[in-house]
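# A structural walkthrough
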Amino acid sequence: MTTVSWAAHRAGDAEAVRHSLADAERFSVIFDTYFGEIHRYVAQRLGTDSAEDVVAETFLTAFRKRARYDPARASVRVWLYGIATNLIRRHHRTEVRALRALGRHGPDPDFPGHEDEVSVQVSAESLRPHIAAAVAELHQRDRDVLLLVALAELSHEEIATALGIPYGTVGSRLNRARRKLRAALGDTNPMRDPRENGHG
Amino acid sequence: MDDLTRVRDLYGEPGPDPALKARVGALIEAEARRRLRVMPWTAALVAAAVAAGVVVALPGGNLASGSEGRSILLAAAVRAESGDARAGAYWRVRKLVRERHPEMLGGGANRYWMIEPRVSEQWVSRGGRVWSGTVTLGAEPATRTDEAAWRRDGSPGEWPGLSTAPGRSTLTDVPGGVAFSMAGQTMTFAQIRALPADPVALRENVAKAVRAASGPDQGVVADALSGLLWSKPSPPEVRAAAYRALADLPEVEYLGRRTDESGRTGAAFSFELGVPAARRTLIIDTGSSQVLSSTTDAPGVQHDQVELVLEAGWTDERPTAPEAALPTGTP
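As the structure is a computational prediction, the values presented were derived from the model and not from experiment. (Residues numbered from 1 in each chain as written. Chains lettered and ligands numbered in written order. Predicted model: local features only at pLDDT ≥ 70, side-chain atom pairs only at ≥ 80, totals over all residues. Heavy atoms only, no water.)

## Here we look at the nonpolar core
With 68 residues, the main nonpolar core has Val42(A), Phe59(A), Leu80(A), Val135(A), Leu146(A), Val7(B) and Tyr11(B) as its most contacted residues. With 10 residues, the single largest contributor to this core is helix 2 (residues 27–46) of chain A. Counting residues in each nonpolar core, the second largest holds 50 residues, with Ala245(B), Ala267(B), Leu273(B) and Ile284(B) among its members. (Core = buried A, V, L, I, M, F, W, Y, C linked by side-chain atoms within 4.5 Å. Buried < 20%, exposed > 50% of the residue type's maximum accessible area, 1.4 Å probe, protein only. Helix = DSSP H or I, 4+ residues; strand = E, 2+ residues; numbered from the N terminus.)

What follows is the structure, encoded as structure tokens:
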């Protein structure tokens, strides 16, 4: 998605939220635009079976608090990711259980990831339990940042806004999370710059 | 392959879930309706309702001393007083909700309204934990006129977020869910049990909650009082006080005997919902003092939402996903 269309999109979103105060039906634009993405993120983190409550609560919270949404601070998309992440935090045990299942079985076979090459898949398969365990062992705050980068593809600045933390904290949490992941994957080569695979 | 890619691959891509989207969309709709802001009060809708031949209910008599309506409410209060005070493990309300889809469907000359019926259950443990169960029963045309237009449109069965096919029955544990609310304020079991049993004190208590609610659209005293009759685990003496308080409210009107949408007959009372032409009508079983149905009319839209109370009371059963089966007599 290009920068131009993003900017245009965001302007429309903020307007929809504002208009929804007088005419709640306008909120359906926000719901229709972001339901798929937010559902995917929550289902990834908590598992498809447990996602419903949190996804519902995310949009209900956004709807109830729409008067307090400040377009100058965050895009609607980032605002929604922030709400969802805060709600997911209350489901620590469910998240750990989901990670254990992912480590054992991988994601739902009906919806495979973007792996095509068999060799890559085999290596990914063998490491899967290790990655899942490492993600599960991360501190919640670090995991939130890691997954907002890896799954939601938010920028550092957006994550800072979504979670209400300083910009620099995003980087330090992300680095810590990635260091632990690499250690779990047996990649402890000190020559490797931890920043080389920056999220872009 | 870097560590972030590995994380992404670990999680995979859960597919879209249109049924879940429809359920969550319905929740948002319900929330919006609850706040009386989403209802499409447009002239177009009024015109559509008039064109569809909807009869606007004429107000009935008020509850003057010695009137039939007043004596029905006072008799219901006496019956409520002798109700069972024992609490079970869970407070359960099971209802059939018939809600109108917010948009007219079809095109050209074949435009029609659809009703979205669902069985909805709420379970609340004595500790205040909340479960919500729901099963959609499949959308259907609202009236015969709508049905004819739907047939001319080719009898479609699927729309975005709407289907004529019944849905899956689900039970969800609602973490941090609000068990009960009155005039928009959260209430616990203990607070409901502590409500006054004196009608004047109860009315004052409820009026205070209504005044505390922000904005003029948060409900009215009659509505909050009527909630104590069926949706909340009010002790018998509080239910009795709520009936007596309703009998004293000038805005409550008696409409006479009415039959609800599942064919049960009772005494109908109606009041405005704080927005002109938005009304709620309760049908009460005079024999048992139970509320049979609660119907909301939006301006220009009769029966915008109909709630048929199937069960409201204490149970020792464990929360389970609701059955789609309806009581006999349901159309």
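## Here's the deal with the pattern of salt bridges
Per the stated rule, a full pass over the model turns up 30 salt bridges over all chains. Glu307(B) serves as the salt-bridge partner of Lys95(B), at 2.6 Å between the closest nitrogen and oxygen. In this pair, Lys95(B) sits in strand 2 (residues 90–100) while Glu307(B) sits in strand 17 (residues 301–315), placing the two residues 212 residues apart along the sequence. Here the two residues Lys95(B) and Glu307(B) agree in accessibility, since each one is buried. One salt-bridge network, in which partners are shared between bridges, spans Arg45(A), Arg89(A), Glu95(A), Arg143(A) and Asp144(A). (Salt bridge = Lys/Arg side-chain N within 4 Å of Asp/Glu carboxyl O.)

## What about the pairing of strand 15 (residues 279–284) of chain B?
All names here are of chain B. Most of strand 15 sits inside the fold, with five of its six residues counted as buried. Looking at chain direction, strand 14 (residues 265–272) and strand 15 are connected through six bridges and run antiparallel. The partner of Ala-268 across the bridge, within strand 15, is Ile-283. One ladder, built from six bridges, connects strand 15 with strand 16 (residues 291–298); its direction is antiparallel. For Arg-279, the partnering residue across the bridge sits in strand 16 and is Asp-297. Between the end of strand 15 and the start of strand 16, which pair antiparallel, lie six residues, with Ser-289 showing a positive phi angle near 70 degrees. (Pairing = 2+ DSSP bridges.)

## Concerning a positive patch on the surface
Where like charges cluster on the molecular surface, the positive patch consists of Arg93(A), Arg97(A), Arg100(A) and Arg104(A). Here Arg97(A) shows up in helix 5 (residues 92–105). (Patch = residues over 30% accessible without salt bridge, like charges linked within 9 Å, V, L, I, M, F, W, Y side chains within 5 Å. Areas by Shrake-Rupley, 256 points an atom, 1.4 Å probe, with all protein chains shown as cover. Lys, Arg positive; Asp, Glu negative; His and termini not counted. Charge placed at Lys NZ, Arg CZ, Asp CG, Glu CD.)

## Focus: helix 2 of chain A
Residues and elements named next belong to chain A. Tyr-34 marks the point of greatest bend in helix 2, at about 50 degrees. Of all 20 residues making up helix 2, 14 are buried, and the element is well covered by its neighbours. One or two positions beyond helix 2, positive phi appears at Gly-47, with a value near 90 degrees. (Bend = angle between axes of the 7 residues up to and from the residue.)

## Quick word on the interface of chain A and chain B
On the side of chain B, 32 residues touch chain A, which itself brings 53 residues to the contact. For the pairing of chain A and chain B, the buried interface totals around 4000 Å² over both sides, and the portion due to carbon and sulfur atoms is 66%. Linking chain A with chain B are eight residue pairs in polar contact (both at pLDDT 80 or more). Of all the secondary-structure elements, those providing two or more residues to the side of chain A that touches chain B are helix 1 (3–22), helix 2, helix 3 (51–64), helix 5, helix 6 (118–137), helix 7 (140–150) and helix 9 (167–184) of chain A. (Contact = heavy atoms within 4.5 Å. Buried area = accessible area lost by both parts, 1.4 Å probe. Polar contact = N/O pair within 3.5 Å; in protein donor to acceptor, adjacent residues only side chain to side chain.)

## Observations concerning the confidence of the model for chain B
All names here are of chain B. When pLDDT is averaged along chain B, the result is 81; 84% of the residues meet or exceed 70. Under a pLDDT of 50 for its full length, residues 36–61 has, in the predicted model, 44 contacts with residues more than four places off or in other chains. Predicted confidence for residues 214–219 stays below pLDDT 50, and this span has seven contacts to residues more than four positions away or in other chains. (pLDDT = per-residue confidence, 0-100.)

## Thoughts on the environment of Asp223(B)
All names here are of chain B. Of note, Asp-223 is situated in helix 8 (residues 221–230). Apart from the residues lying within four places of it in its own chain, the contact partners of Asp-223 are Phe-271, Leu-273 and Arg-280. One polar contact links Asp-223 to Arg-280, side chain to side chain, over a distance of 2.7 Å.

## Side note on unusual backbone geometry
Backbone geometry at Glu153(A) places phi at a positive 55 degrees, although glycine is not the residue there. Tracing the backbone through its elements, the reader meets Glu153(A) in the loop between helix 7 and helix 8 (156–163). Glu153(A) sits in the exposed class, given a relative accessible area of 55%. Here the phi dihedral of Ser289(B) falls at roughly 70 degrees; this positive angle occurs in a residue that is not glycine. Within the secondary structure, Ser289(B) is located in the loop between strand 15 and strand 16.

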